[in-house]
Amino acid sequence: MNPSFEKFARDHDNMWELFRVMNDGLMITDFNQHIIAVNPSFEKITGYRSEEVTGKNPKFLQSGKTDPFVFQDMRSSLITTGTWTGELINRRKSGELFWSYITITKINKAEPEDSYYIGIMRDITERKQMEEKMHHMAYHDSLTQLPNRALFLKKLKESIANAKRNDKKIAVLFLDLDRFKLVNDTFGHLAGDELLLQVSRKLQHVIGIEGIVGRFGGDEFTILLDNIAGTHDVNKITEKIFRSFNEPVDLFGEPIHLSASIGATIFPDHGATIEILLKNADKAMYFTKNEEKNSFFLYDNEINAPI
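A.B. asks: What is the right way to look at the overall build of the chain in this model?
C.D. replies: Check the secondary structure of the chain and you find 11 helices and 13 strands. A compact globule built from 307 residues would reach a C-alpha radius of gyration of about 19 Å, whereas the chain, at 29 Å, exceeds it by more than 25%. Dimensions along the principal axes, computed over C-alpha positions, put the chain at roughly 85 × 50 × 25 Å. Out of the 307 residues belonging to the chain, those deemed buried represent 46%.

And the structure:
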C-alpha cells in the first residue's frame, strides 16, 4: 500500500469508508499532486483501476479540449482560496471524452509535505449532451439542420461588427425557390421536404467555408458571405448556385428541374443595420419573381430599387 495513503487512511478511517461507497468519483493527491488514492466510483467513471493511476499526476486525464483559461483559473483559485469548482472535458481510458463537474480542495497541515488535495468528480456527460441537443434545436432548422432565423441573425450581427472593425464588406442573399408550391401540390409534402433537403445540400456544397447558409422557413434560404471584395464576389457565388441548379434533382425517381430567385445586399453599401440589410435583400429577391428563371438582383441604393 502507498505510504502516503496508509497515513491518510489511518488519520481518516471513517471518512474514507464514506468516500469508498459514494457515487461521485474521489481522487486524493499528495502535496506534490501525485495520486495516492481513488475510490471505486472514480474507477467506474474513468475506466482506470486504482493501481493504474497511483503515483500519477491527474493531468493524464486531460483531453486537450478544455479551455486553457479553466486551468489558469483552477491554479489561481487553489493558491488564493484553497478550493476550486468547475467543469472539465476529460478522457476515459477507452478514449471516450466525458464532462466532469469537479471540486478540488486543499487540506493544509502543520507540515506542508503532509498537506493533500481532495478532488470530487461527478460525470455530467449526459446533462451536457442534453444541453447541446437543446441548444442545437433552438438554433437549427428541424428539417435541414441549417441555421435557423435566430442563429443566422446572431451570425449576421457578429459579421457586421467584425466588418466594421476591419473595414470589410459582407453580403446577405435571400433565395426563394420558384414554383415550390407546385411540387408540394403535385407530389405531396413529403416530396417537398425531400426537395428542400436536397437544395440545402446543394447550397452548402456551393458556399462551403465562404459563408453560412440558413433557412428562414418555407422555401426561403439565406446566405451570409463574409469578407467579400464587392459585387464581383456576389455575382460569382450566384453563378455557382445557378449552375448547381442546372442539374435536376431526383425526387423519388422523378427528375425535378430547379430554379430560384435571389436578391442580395452588401454591407455597408446598402445598409448599416441587420434590419435594413434584410429588408433590402428581401425586396431585391421579390423583384426577381417577375423575371425569367434563375434571376438575381443586387439592391441599388441610388434608385431605391434593384438593378
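From this point, the discussion proceeds with the structure in view.
A.B. asks: Is there a simple way to explain the packing of aromatic side chains in this structure?
C.D. replies: Describing an aromatic ring pair means giving the distance of the ring centres and the angle of the ring planes. In total, this model carries 4 aromatic pairs according to the counting rule given. When the centroid spacing of 5.7 Å and the interplanar angle of 85 degrees are considered together, the rings of Phe 152 and Phe 216 count as edge-to-face. Residue Phe 152 is located in helix H7 (residues 149–166), and its partner Phe 216 is located in strand E7 (residues 211–217); the two are separated by 64 residues in the primary sequence. On the basis of relative accessible area, Phe 152 is assigned to the buried category, the value being 0%. On the basis of relative accessibility, which here comes to 13%, the residue Phe 216 falls in the buried class. The rings of Phe 152, Phe 174 and Phe 216 are connected pair by pair, giving a single aromatic cluster. One Lys or Arg, Lys 56, reaches over the ring of Phe 60 and ends 5.1 Å from the middle of that ring. The ring of Trp 99 carries the charged tip of Lys 128 above its face, separated from the ring centre by 4.5 Å.

A.B. asks: Please explain unusual backbone geometry as it appears in this structure.
C.D. replies: Leave glycine aside and you will find that most residues have negative phi; peptide bonds, for their part, are mostly trans. The peptide bond linking Phe 267 to Pro 268 adopts the cis configuration, its omega dihedral lying at 0 degrees. The phi dihedral of Gln 33 is positive, around 65 degrees, even though this residue is not glycine. Tracing the backbone shows Gln 33 in the loop between strand E1 (25–30) and strand E2 (35–38). What makes Gln 33 partly exposed here is its relative accessible area of 37%. In this structure, Gln 145 is a non-glycine residue whose phi angle is positive, near 65 degrees. Counting through the fold element by element, Gln 145 comes out in the loop between helix H6 (125–139) and H7. Here Gln 145 falls in the partly exposed class, since its relative accessible area comes to 39%.

A.B. asks: What is the right way to read the sheet that holds strand E3 (residues 83–91) from this model?
C.D. replies: The pairing of strands in a sheet happens through backbone hydrogen bonds and is either parallel or antiparallel. Taken together, the 5 strands give an open sheet; going across it, the order is E2-E1-E5-E4-E3, and neighbouring strands pair in antiparallel fashion. Two strands close off the open sheet at either side, each with one partner strand: E2 and E3. Averaged over all pairs of adjacent strands, the angle between their axes in this sheet comes to 25 degrees, without regard to strand direction. Pairing between E1 and strand E5 (residues 116–123): 6 bridges, direction antiparallel. Looking across to E5, one finds that Gly 25 is bridged to Met 121. Docked against the sheet, helix H5 (residues 68–80) engages E3 and strand E4 (97–107), running at close to 150 degrees with respect to E3.

A.B. asks: How should the environment of Thr 231 be read in this particular structure?
C.D. replies: Here Thr 231 shows up in helix H10 (residues 231–246). Apart from the residues lying within four places of it in its own chain, the contact partners of Thr 231 are Ile 266 and Leu 298.

A.B. asks: What is the right way to look at the pairing of strand E8 (residues 220–228) in this model?
C.D. replies: Both faces of the sheet carry side chains from a regular strand, because those side chains alternate between them. The buried fraction of E8 amounts to 7 of the 9 residues, a majority that puts the element mostly inside the structure. When strand E6 (residues 169–177) meets E8, the two strands line up antiparallel, connected through 7 bridges. Counterpart to Lys 169 in the pairing with E8 is Ile 228. Examined bridge by bridge, E7 and E8 share 6 bridges and lie antiparallel to one another.

A.B. asks: Teacher, can you tell me more about the pattern of salt bridges here?
C.D. replies: Side-chain pairs of opposite charge can arise where the charged atoms are in close proximity. The full count for this structure, using the stated rule, is 14 salt bridges. Between Asp 269 and Lys 169 there is a salt bridge, and its shortest N-O distance comes to 2.7 Å. In this pair, Asp 269 is assigned in the loop between strand E11 (260–267) and helix H11 (274–287) and Lys 169 in strand E6, connecting sequence segments 100 residues apart. In the salt-bridge network here, residues are joined through shared partners; they are Arg 49, Glu 51, Glu 52 and Lys 93.

Thresholds applied
- Residues numbered from 1 in each chain as written.
- Predicted model: local features only at pLDDT ≥ 70, side-chain atom pairs only at ≥ 80, totals over all residues.
- Heavy atoms only, no water.
- Helix = DSSP H or I, 4+ residues; strand = E, 2+ residues; numbered from the N terminus.
- Rg over C-alpha atoms; globule rule 2.2 N^0.38 Å.
- Buried < 20%, exposed > 50% of the residue type's maximum accessible area, 1.4 Å probe, protein only.
- Phe/Tyr/Trp six-rings, centres within 6.5 Å; stacked < 30°, edge-to-face > 60°.
- Lys NZ or Arg CZ within 6 Å of the ring centre and 35° of its normal.
- Pairing = 2+ DSSP bridges.
- Axes fitted to C-alpha atoms, helices over the stretch in contact; angles between N-to-C directions.
- Contact = heavy atoms within 4.5 Å.
- Salt bridge = Lys/Arg side-chain N within 4 Å of Asp/Glu carboxyl O.

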